[in-house]
Amino acid sequence: MSNVVVVGTQWGDEGKGKITDYLAQEADVVVRYQGGNNAGHTIVFDNQKFALHLLPSGCLSKNKLNIMANGMVINPKALIEELKGLEERGIKGINLKISNRAHIVFPYHMTLDGAFEQSAGSKKIGTTKKGIGPAYTDKYFRSGIRMGDLLDSKYFAERLKAALSIKNNVLKMLGLDSMDFKELFEEFMGYKEVLGHMITDTSVLLNEALEADKKVLFEGAQGVMLCTDHGSYPYVTSSSPTAAAVPLYTGIAPSYIQNVLGITKAYTTRVGEGAFPTEFEDEIAHTIREVGNEYGTTTKRPRRIGWLDTVVLRHAKRVSGISGLSIMLLDVLSGLKTLKICTHYIMDGNKIDYIPSIIDHLDNVEPIYTEMPGWDEDITGVVAFEELPQNAKNYLLEIQKLTGINVKIFSVGPDRQQTIELESIL
Ligand code: IMP
């Protein structure tokens, strides 16, 4: 058995899509296990750029089984559009299976996401407004409707009627238009026509694949600092991207998980609101934003920029068991005179090496940095660790030392080819 979980170790957008696509070339099965179309996974190969939001990144490699697992929340309209978009670009015949237990994102979830954000004013989360939070709320409130429910139109109608009877009251209270049962029912029966044959018990498929010694890649979305349990709560998403969530969100035994690859940007970014200790906004941040194209894949918002924070990385290691690191966008730092790495925080005069649970406390910590000289060379054509300038090598070695995790991959550009694997992963 050979498998790996790809986990974002920061606030998302670390480059998980690129690494999943790269590793997918070796894998037999690629599984997206949480989140929905709040995610944006960018993949570049053969001079073509793809942005996937819902589909597992394995869809861009031939002959893979791609699974959208039960931990996801799925907007069927967005999924069909994504599949069509790939088809128009010549990517056809994707082997895709959708969990019958994955929850559906309905239009009312999106409307409510926007309305709740608006009414929160300065306390807004800065969500992607894709309805993710309201859909997971319904899942745990037990009023959610699942992909498998679409296959039984009578049951689906009952669930939708019950949900709408509550949702329309809430929409009315917020001064918003109510939604019509018949229209929604017909719209979703249309989605069933397209997606119905892909909906199945993916836990059974996945267990069969693992028992048959297939190579399985689990693709997380967002990052550990956006985890509902271990992230910078309440400025988080509504699911857990950690490796601990994989068994629950896919229906496999925890003992099956072997490797966890932590995807880490060579610096830090975040979109949306919330504490961000190493954030800075000056000429250097501006350069990083432009060189790294740090604008949201899903929302196009400019990302906030910060130095690499190893308190965050050690937190990710603790709560998600990271066994190797993949350092992304190293090339973006070329040309910077001095690089800073946060080693720990000072809180109330004390040195701390953990993430405070209260967001205001995290907001007020003082990050302590070690400084390292940068490098001027263009490293986008580097194909081996030995070819890196000495200061870039030192930077990677320092990350390894401060986190106690081996760097297994580093990336020097967006293309599949610009990925240097130091240790075999799958
Ligand atoms: P939601 O997931 O849309 O509810 O948004 C909650 C928080 O997670 C917001 O700060 C979003 O910006 C952030 N977020 C959600 N998905 C991603 C992602 O894929 N990358 C980075 N941030 C994300």
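These numbers were taken from a predicted model, which means no experiment stands behind them.

Chemist: Looking at this structure, how should I read helix H7 (residues 202-211)?
Modeler: Since the α-helix packs 3.6 residues into each turn, any two residues three or four apart lie on the same face. Taken together, the buried positions of H7 are occupied by Thr202, Leu206, Asn207, Ala209 and Leu210. Each buried residue of H7 sits inside an arc of 160° when the element is viewed along its axis, so together they form one side. A positive phi of about 65° marks Asp213, the residue just after H7.

Chemist: Would you mind showing me how to read the site of the ligand here?
Modeler: The local shell around the ligand holds 16 residues, among which Asp13, Asn38, Thr128, Thr237 and Arg301 are the closest. Gly126 places a polar main-chain atom, nitrogen or oxygen, 3.3 Å from an oxygen atom of the ligand. Residue Thr237 places a side-chain N or O atom 2.6 Å away from an oxygen atom belonging to the ligand. For the ligand, the protein covers 97% of the area, taking 470 Å² as the surface of the free molecule. Class assignment for the residues of the shell around the ligand results in 6 nonpolar, 8 polar and 2 charged. Formed jointly, the shell around the ligand draws a minimum of three residues from each of two domains, domain 1 (1-98 + 202-426) and domain 2 (103-195).

Chemist: Is there a simple way to explain the domain arrangement of the protein chain in this structure?
Modeler: How big an interface is tends to be stated in terms of the accessible area lost upon association of its parts. Under the domain assignment, the protein chain is made up of domain 1 (1-98 + 202-426) and domain 2 (103-195). Computed from C-alpha coordinates alone, the two centres of domain 1 and domain 2 are separated by 29 Å. On the side of domain 2, 23 residues touch domain 1, which itself brings 29 residues to the contact. Summed over both sides, the interface of domain 1 with domain 2 buries roughly 2,100 Å², with 65% coming from carbon and sulfur. On the domain 1 side of the interface with domain 2, the three residues burying the most area are Val73, Pro76 and Ile80, jointly 26% of the side's total.

Chemist: Got a minute to help me understand the pattern of salt bridges in this structure?
Modeler: Oppositely charged side chains can form a pair if their charged atoms are brought close together. For the coordinates displayed, the defined rule picks out 15 salt bridges. For the salt bridge of Asp13 with Arg303, the shortest nitrogen-to-oxygen distance reads 3.2 Å. Taken together, the positions of Asp13 in the loop between strand S1 (2-8) and helix H1 (16-24) and Arg303 in the loop between helix H9 (283-291) and strand S13 (304-306) put the pair 290 residues apart, joining distant regions of the chain. Owing to a relative accessible area of 24%, Asp13 belongs among the partly exposed residues under this scheme. Accessibility expressed as a relative area gives 7% for Arg303, which makes it buried.

Chemist: Just checking my understanding: could you explain the environment of Tyr256 for this structure?
Modeler: Mapped onto the elements of the fold, Tyr256 is located in the loop between helix H8 (245-250) and strand S11 (259-265). Judged by its relative accessible area of 17%, Tyr256 is buried. Between the C-alpha atoms of Tyr256 and Asn207, which are 49 residues apart in sequence, the distance is 9.5 Å. If near-sequence neighbours (up to four positions away) are discounted, Tyr256 is found in contact with Met1, Asn3, Asn207, Leu210 and Glu211.

Chemist: Quick question: what am I supposed to make of the side chain of Lys192 here?
Modeler: Mapped onto the secondary structure, Lys192 falls in helix H6 (residues 181-195). For the buried Lys192, no salt bridge exists, and the shortest N-O distance to an oppositely charged side chain is 5.4 Å, to Glu193. When residues no more than four places from it in sequence are discounted, the contact partners of Lys192 are Leu150, Leu151 and Ser153.

Chemist: Looking at this structure, how should I read helix H3 (residues 107-120)?
Modeler: Compared with the 20 Å implied by 1.5 Å per residue over 14 residues, the 20 Å span of H3 between its first and last C-alpha is a close match. Of the positions making up H3, those classed as buried are Tyr108, His109, Leu112, Asp113, Ala115 and Glu117. Looking at the buried residues of H3, the elements they touch are strand S8 (103-104), helix H4 (132-141), helix H5 (153-173) and H6. One or two positions beyond H3, positive phi appears at Gly121, with a value near 55°.

Chemist: I keep staring at a nonpolar patch on the surface and nothing clicks. Help me out?
Modeler: A cluster of nonpolar residues, Phe116, Met173, Leu174 and Leu176, forms a patch on the protein surface that exposes about 400 Å² of accessible area. Relative to the helices and strands, Phe116 resides in helix H3.

Chemist: I would appreciate a short explanation of the sheet that holds strand S20 (residues 419-421) in the present structure.
Modeler: Whether parallel or antiparallel, the strands of a sheet pair through hydrogen bonds between backbone atoms. Taken together, the 10 strands give an open sheet; going across it, the order is S9-S7-S5-S2-S10-S1-S11-S15-S19-S20, and neighbouring strands pair in mixed fashion. Looking at which strands have only one partner, the edges of the open sheet turn out to be strand S9 (199-200) and S20. Both strand S5 (residues 65-68) and strand S7 (residues 95-99) contribute to a ladder of 4 bridges, which runs parallel. Directly across from Ile67, in S7, lies its bridge partner Lys97.

Calculation criteria
- Residues numbered from 1 in each chain as written.
- Predicted model: local features only at pLDDT ≥ 70, side-chain atom pairs only at ≥ 80, totals over all residues.
- Heavy atoms only, no water.
- Buried < 20%, exposed > 50% of the residue type's maximum accessible area, 1.4 Å probe, protein only.
- Helix = DSSP H or I, 4+ residues; strand = E, 2+ residues; numbered from the N terminus.
- Arc of directions from axis to C-beta.
- Near = heavy atom within 4 Å.
- Polar contact = N/O pair within 3.5 Å; in protein donor to acceptor, adjacent residues only side chain to side chain.
- Areas by Shrake-Rupley, 256 points an atom, 1.4 Å probe, with all protein chains shown as cover.
- Nonpolar A, V, L, I, M, F, W, Y, C, P; charged D, E, K, R; others polar.
- Domains from an automatic or database assignment.
- Contact = heavy atoms within 4.5 Å.
- Buried area = accessible area lost by both parts, 1.4 Å probe.
- Salt bridge = Lys/Arg side-chain N within 4 Å of Asp/Glu carboxyl O.
- Lys, Arg positive; Asp, Glu negative; His and termini not counted.
- Expected span 1.5 Å × (residues − 1).
- Patch = residues over 30% accessible without salt bridge, like charges linked within 9 Å, V, L, I, M, F, W, Y side chains within 5 Å.
- Pairing = 2+ DSSP bridges.

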